[in-house]
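Residue-level structural notes
For reference, the chains in residue letters:
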Amino acid sequence: MRETKDLPILTDTFDRAEDFRPEENSLYIFALTGERRASHTNAWASSIQNVRLIEVCEETQISFKVKGESSSISLRSELDVKTLWAELTPNAKVYLDITGLTHSVWAGILKSAILAKLEVLVVYVEPDAYSRSAAPVEGQIYDLSASIQGISPLPGFATLSSRNSDLFTFVPLLGFEGPRLRYIVEQIQPGYEFITPIVGSPGFKPWYVFETYVGNKGALTETSAWQAVRYAPANCPFSCYYLLEEIAEDNQGRALKIALIGTKPHALGAVLFTLASSTPVELVHDHPIRKAGRTGGTARLLVYHVSALFDDSSAIHVSRTTPRSRRSVAR
């Protein structure tokens, strides 16, 4: 396994969410949900100065609405999403709080901000606890999703061409919900010898790694993928990013299909890898409908300095003017 001690882990950690405040001359994008951890902005929203707040109040798989605006912003339109940056002052920072946002929305906003070469800091608040299922069945220890809407691409992110459709390595970022892993395996039908799961270890809580195995036991056993599991801290997108680089290097000539069914920080690492890497990548997501009361309490708040991973040689910028074969990953 690659040594990560010399690689940058660009994270600020606050043990209490209420200790965090965004810096002045910044834009803060967020969404409120029924989860307590997503409402930490209430503690400082009325007292901060020179910070413009943008609250996302409606989300679909392909669009979102901002509070106070009548029209939707299409995630399939770069020009639409780019309007978020229209009033930014010079040297302003952009905070993107992904705690209450769906993957489609935060990933699309993040891509637009990186394309615009803005200084982006991603905020995430860990839950203190997950809601346990009252009647647990195999693969469902926790009561997190009401249903899934089915696999479809994240808007603005590529799907693999027919050239890569069969020659791929499947990398599921694992959470607690085993049925989601089983469903995706059935839909994309990866070669079992080319499945490399990533488990969050250490987890938000020390025992979560064991519950991840319990939740996904069925699919991991049927595919024998338990033998190929890799590990990255559950709250660190950068460790996940570097691990995906390593997996890509070990599977040269093969595309990656990465399933976003684990923690949001791991999903963030996958999105950053997709934007930075020259490896063909498809992000696989089943768009779950979140259950009310799925988490309880608020734990650590983390601020990820994600734009530090990108420079003019990064694939997302080079691809605008340079053939894919000459792309490189920023350090």
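Located above this text is the structure these notes cover.
Residues numbered from 1 in each chain as written. Predicted model: local features only at pLDDT ≥ 70, side-chain atom pairs only at ≥ 80, totals over all residues. Heavy atoms only, no water.

Across its full length, the protein chain carries 8 helices and 19 strands. A burial count over the protein chain gives 55% of its 331 residues as buried. Residue pairs in contact within the protein chain that sit at least 24 positions apart in sequence constitute 79% of those at least 6 positions apart. Accessible area for the protein chain stands at about 14900 Å²; split by element, carbon and sulfur atoms hold 48% of it. (Helix = DSSP H or I, 4+ residues; strand = E, 2+ residues; numbered from the N terminus. Buried < 20%, exposed > 50% of the residue type's maximum accessible area, 1.4 Å probe, protein only. Contact = heavy atoms within 4.5 Å. Areas by Shrake-Rupley, 256 points an atom, 1.4 Å probe, with all protein chains shown as cover.)

Glancing now at the packing of aromatic side chains. Applying the stated criterion across every chain, the model contains 15 aromatic pairs. Between Tyr 28 and Phe 30, the aromatic rings sit 6.1 Å apart at their centres with planes inclined by 50 degrees, giving tilted as the arrangement. For the residue pair Tyr 28 and Phe 30, the accessibility class agrees, reading buried in each case. With a centroid separation of 5.6 Å and 55 degrees between ring planes, the pair formed by Tyr 130 and Tyr 208 is classed as tilted. Of this pair, Tyr 130 sits in strand E8 (residues 129–130) while Tyr 208 is found in helix H4 (residues 208–215), placing the two residues 78 residues apart along the sequence. By relative accessible area, which is 16% here, Tyr 130 ends up buried. Ring pairs connect the aromatic residues Phe 14, Phe 20, Tyr 28, Phe 30, Trp 44 and Tyr 95, which therefore count as one cluster. Residue placement shows Arg 254 over the ring face of Phe 194; its charged tip is 3.5 Å from the ring centre. (Phe/Tyr/Trp six-rings, centres within 6.5 Å; stacked < 30°, edge-to-face > 60°. Lys NZ or Arg CZ within 6 Å of the ring centre and 35° of its normal.)

So yeah, pure geometry; function would need other evidence.
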